[in-house]
Amino acid sequence: MGTLHLTRHTSATPAAVWDVVTDFAGYGDWMPMTRMVTDDGAPRLGWGFAGISGVGPLAFSDSMLVTQWDPPASGDQAAPAVFRIVKTGRLLGGWAEITLTPEPRVGTPGTWGTRLDWVEDVVVRPMPFKRFFAPVLDRASTWLYGRAINAMLARAAESSR
């Protein structure tokens, strides 16, 4: 799969978007046939989680580790918030980096919305399968992640009101 880059704009504040996109235990709400397993405590650098996707013997674990964790700064509307994860599973490797950049809301001076950039590169292991699955995975990933991100941002906008 090539690198996926999705950009969305929302009226939700960076803090509201951060709260939704970093609720890793809730990712099962966004990804079909997926349940989540997380480390104890709040997400932080070095914290891990996994999405168990599929049914019965066809299920697989997509395990991930947080390698960068820079939440929105309180009161600093110009600084982007970023988290990065590395996929550490036997079937899926790669990384994802999510950046939330504050941007002024159009028509509402003094209020902030958010630009979300979701950049992800997934590697199917073993590597020979990457070339075989890449065309299908590229299209499916764009649709699946786009759908999930749109739903996350709708929830964040709801909580920002």
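Conventions adopted
- Residues numbered from 1 in each chain as written.
- Predicted model: local features only at pLDDT ≥ 70, side-chain atom pairs only at ≥ 80, totals over all residues.
- Heavy atoms only, no water.
- Helix = DSSP H or I, 4+ residues; strand = E, 2+ residues; numbered from the N terminus.
- Contact = heavy atoms within 4.5 Å.
- 1 Å grid on protein atoms, 1.4 Å probe; cavity = no way out; pocket = protein on both sides within 12 Å on 5 of 7 lines; lining within 4 Å.
- Points joined across faces, edges and corners; volume = space filled by probe spheres on them.
- Nonpolar A, V, L, I, M, F, W, Y, C, P; charged D, E, K, R; others polar.
- Core = buried A, V, L, I, M, F, W, Y, C linked by side-chain atoms within 4.5 Å.
- Buried < 20%, exposed > 50% of the residue type's maximum accessible area, 1.4 Å probe, protein only.
- Phe/Tyr/Trp six-rings, centres within 6.5 Å; stacked < 30°, edge-to-face > 60°.
- Lys NZ or Arg CZ within 6 Å of the ring centre and 35° of its normal.
- Pairing = 2+ DSSP bridges.
- Axes fitted to C-alpha atoms, helices over the stretch in contact; angles between N-to-C directions.

An unreviewed UniProt entry lists the protein chain under the name SRPBCC family protein, from Pedococcus sp. KACC 23699.

Here we come to the environment of Ala16. Inspection of the secondary structure assignment puts Ala16 in helix 1 (residues 14-21). Sequence spacing of Ala16 and Arg155 is 139 residues, and the spatial spacing of their C-alpha atoms is 8.8 Å. Once residues within four sequence positions are removed from consideration, Ala16 is found in contact with Ala156, Ser159 and Ser160.

Let us look at the layout of surface pockets. If you add up the space inside the largest pocket, you get close to 850 Å³. Every residue lining the largest pocket is counted, 35 residues in all, and those nearest its centre are Ser53, Phe60, Leu92, Leu144 and Tyr145. Those elements that place two or more of their residues in the lining of the largest pocket are strand 2 (34-38), strand 3 (48-53), strand 4 (60-70), strand 5 (81-88), strand 6 (92-104), strand 7 (112-124) and helix 2 (128-160). Classifying every residue of the lining of the largest pocket gives 26 nonpolar, five polar and four charged.

Burial of nonpolar side chains together is a common tendency in soluble globular proteins. Grouped together as the largest cluster of nonpolar side chains are 33 residues, with contacts concentrated most on Tyr27, Phe83 and Leu116. Taken together, the elements giving at least two residues each to this core come down to strand 1 (4-10), helix 1, strand 4, strand 5, strand 6, strand 7 and helix 2. Looking at this core element by element, the count peaks at seven residues for helix 2.

This next bit is on the packing of aromatic side chains. This structure, assessed with the given rule, holds 11 aromatic pairs. Among the aromatic residues, those joined into a cluster by ring pairs are Trp18, Phe24, Tyr27, Trp47, Phe49, Trp69 and Phe83. Positioned over the ring face of Trp95 is Arg84, at 4.4 Å from the centre of the ring.

Read across the open sheet, the seven strands follow the order 1-7-6-5-4-3-2; overall the sheet is antiparallel. Single-partner strands in this sheet number two, and they are strand 1 and strand 2. The sheet shows a mean angle of 20° between the axes of neighbouring strands, direction not considered. Inspection of the sheet shows strand 4 paired to strand 5 by six bridges, in the antiparallel sense. Bridging across to strand 5, Met64 finds its partner in Lys87.

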